[in-house]
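Residue strings, one per chain:
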Amino acid sequence: MTENGFNMNEMKKRILSGVTPSGFLTIGHITGALKNWVEMQNEFDSFFMVADLHAITTRQVAADLRQRSLDTVAFFLSAGIDPEKSTIFMQSHIPAHAELAWVLSCSTGMGECQRMTQFKDKSAKNVDNVNVGLFSYPVLMACDILLYQANYVPVGEDQKQHLELTRTLAQRYNHNYSDTFTIPEPFIPKIGGRIMSLQEPTSKMSKSDVNQNATIYLNDSNEMIIKKIKRAVTDSDALVKYDKNKHGIANLMELYSIASGKSYNDIESEFRGAGYGDFKQAVGESVAEFVAPIRDNFMKYRSDKKLLNEILELGREKAGREAQKTLRKVYKKVGFYQL
Ligand code: TYM
């Protein structure tokens with residue numbers, strides 16, 4: 001067993017996950033996803049994707065999207081993804097994603113997509129652009145996973161509902177056309193699976209929040225991180241105690257626990273009798289120290305475009321081969337005439 005409780009006999013099983021390059025990455029991407037990817041890549045056949053097709057479900061400036069897609073690859077590397085162990089690729093480089101999405105969307109109910117909370121949230125936020133892509137986004141996400149026959153999908157809590165739909169669609173297809181897809185399981189961390197906004201701690205921290213103080217970006221300076229945490233919304237109890245209903249404090253304790261490795265009990269003892277000011281100072285310093293190496297390595301990788309392109313070229317070949325295998329099976333089973 002490893003630290004995360006994985007059985008070593010599962011070594012050859014596969015994982016797939018992705019990040020949508022619709023903004024700069026935040027500390028939530030590390031705690032909810034990349035931290036686990038880094039650990040899991042040692043034991044699983046790993047595929048990590050920049051989900052650029054997903055990004056255009058909201059309006060993007062083309063030049064920014066191109067830059068951010070490469071930023072995202074550089075962040076994968078700076079967080080510790082090793083291209084020798086893992087396959088890193090750009091979703092739009094593999095046409096099979098869009099092709100399978102058409103097939104699966106023909107067996108997905110309108111009601112199934114309508115129920116997705118992320119669709120409801122995002123369509124409420126983008127009332128002038130509630131497009132069909134935003135609606136069917138979870139079908140594309142299901143295809144991302146099913147094309148690679150992934151066993152586990154390491155994600156944050158907000159993706160749980162999409163994973164449930166993925167499982168339903170895969171089971172339905174297997175039932176209608178015989179076994180084709182591996183049924184994937186989500187892998188969601190117990191701590192860090194849902195980091196909340198610093199300004200509105202009942203909502204998820206998001207890369208696209210208009211309030212810059214709400215989000216810790218991975219390129220924030222140490223001073224900026226400390227300042228944002230000092231300004232974080234808490235409560236008036238002045239009691240450092242883990243309680244899910246003390247949203248702001250629980251969130252800061254979660255961040256502190258991840259950044260420092262201390263348990264909630266340790267943290268409560270450390271700040272017994274102290275005020276929120278001392279606590280926030282310690283959280284800020286610890287989180288800044290946690291983010292600093294990721295930020296510094298990001299600069300190094302991002303300036304090496306040749307390396308990033310080579311990694312993506314390899315990824316396109318390997319991911320393309322795997323995806324094509326599944327797509328061929330699907331086309332045959334649905335009855336498309338093949339030459
Ligand atoms: P995205 O880009 O919104 O987020 C990428 C990953 O980071 C996690 N995450 C968080 N975890 C904890 N706290 C937060 N505040 C936080 N913010 C983000 C997300 O849960 C996610 O794991 N649809 C996906 C991308 C995607 C994908 C896939 C993922 C496309 N296809 C197939 C897995 C498998 C998305 O937009 O994630």
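The structure under discussion appears in the preceding block.
About the cut-offs
Residues numbered from 1 in each chain as written. Predicted model: local features only at pLDDT ≥ 70, side-chain atom pairs only at ≥ 80, totals over all residues. Heavy atoms only, no water. Helix = DSSP H or I, 4+ residues; strand = E, 2+ residues; numbered from the N terminus. Expected span 1.5 Å × (residues − 1). Buried < 20%, exposed > 50% of the residue type's maximum accessible area, 1.4 Å probe, protein only. Near = heavy atom within 4 Å. Polar contact = N/O pair within 3.5 Å; in protein donor to acceptor, adjacent residues only side chain to side chain. Areas by Shrake-Rupley, 256 points an atom, 1.4 Å probe, with all protein chains shown as cover. Nonpolar A, V, L, I, M, F, W, Y, C, P; charged D, E, K, R; others polar. Salt bridge = Lys/Arg side-chain N within 4 Å of Asp/Glu carboxyl O.

Things to note about helix H13 (residues 305-334)
Link 1 in the chain: Under the 1.5 Å per step criterion, the end-to-end length of H13 is 41 Å for 30 residues, consistent within 8% with the ideal 44 Å.
Link 2 in the chain: All of the buried residues along H13 are Leu 308, Ile 311, Leu 312, Gly 315, Ala 319, Gly 320, Glu 322, Ala 323, Thr 326, Leu 327 and Val 330.

Here we look at the site of the ligand
Link 1 in the chain: Around the ligand, 28 residues are found, and the nearest of them are Thr 20, Tyr 137, Asp 144, Asp 158 and Ile 195.
Link 2 in the chain: Within the side chain of Lys 207, an N or O atom sits 3.1 Å from an oxygen atom of the ligand.
Link 3 in the chain: For the ligand, whose accessible area on its own is 710 Å², the fraction buried by protein is 98%.
Link 4 in the chain: Sorting the residues of the shell around the ligand by element identifies strand S1 (14-19), helix H1 (27-40) and helix H7 (132-146) as the ones contributing at least two each.
Link 5 in the chain: Residues that form the shell around the ligand fall into these classes: twelve nonpolar, eleven polar and five charged.

Digging into the pattern of salt bridges
Link 1 in the chain: Counted according to the given criterion, the structure contains 15 salt bridges.
Link 2 in the chain: Put simply, Glu 112 and Arg 172 hold a salt bridge, and the shortest N to O gap is 2.6 Å. Pair noted here: Glu 112 is in helix H5 (residues 110-114) and Arg 172 is in helix H8 (residues 160-177), with a separation of 60 residues, a long-range link.
Link 3 in the chain: Residue classification places Glu 112 among the buried positions, given a relative accessible area of 13%.
Link 4 in the chain: What makes Arg 172 partly exposed here is its relative accessible area of 27%.
Link 5 in the chain: One salt bridge connects Lys 204 with Asp 158, and the closest N-O pair in it is separated by 3.1 Å. Placement of the pair is Lys 204 in the loop between strand S5 (185-187) and helix H9 (222-230) and Asp 158 in the loop between strand S4 (152-154) and H8, with a sequence separation of 46 residues.
Link 6 in the chain: For Lys 204, a relative accessible area of 32% gives the class partly exposed.

Quick notes on unusual backbone geometry
Link 1 in the chain: Even without glycine at this site, Gln 149 takes up a positive phi of about 55°.
Link 2 in the chain: Secondary-structure assignment places Gln 149 in the loop between H7 and S4.
Link 3 in the chain: Classification of Gln 149 by relative accessible area gives buried; the value is 18%.
Link 4 in the chain: We note that Ala 238 has phi near 55°; this positive angle belongs to a residue other than glycine.
Link 5 in the chain: Along the polypeptide, Ala 238 turns up in the loop between H9 and helix H10 (247-260).

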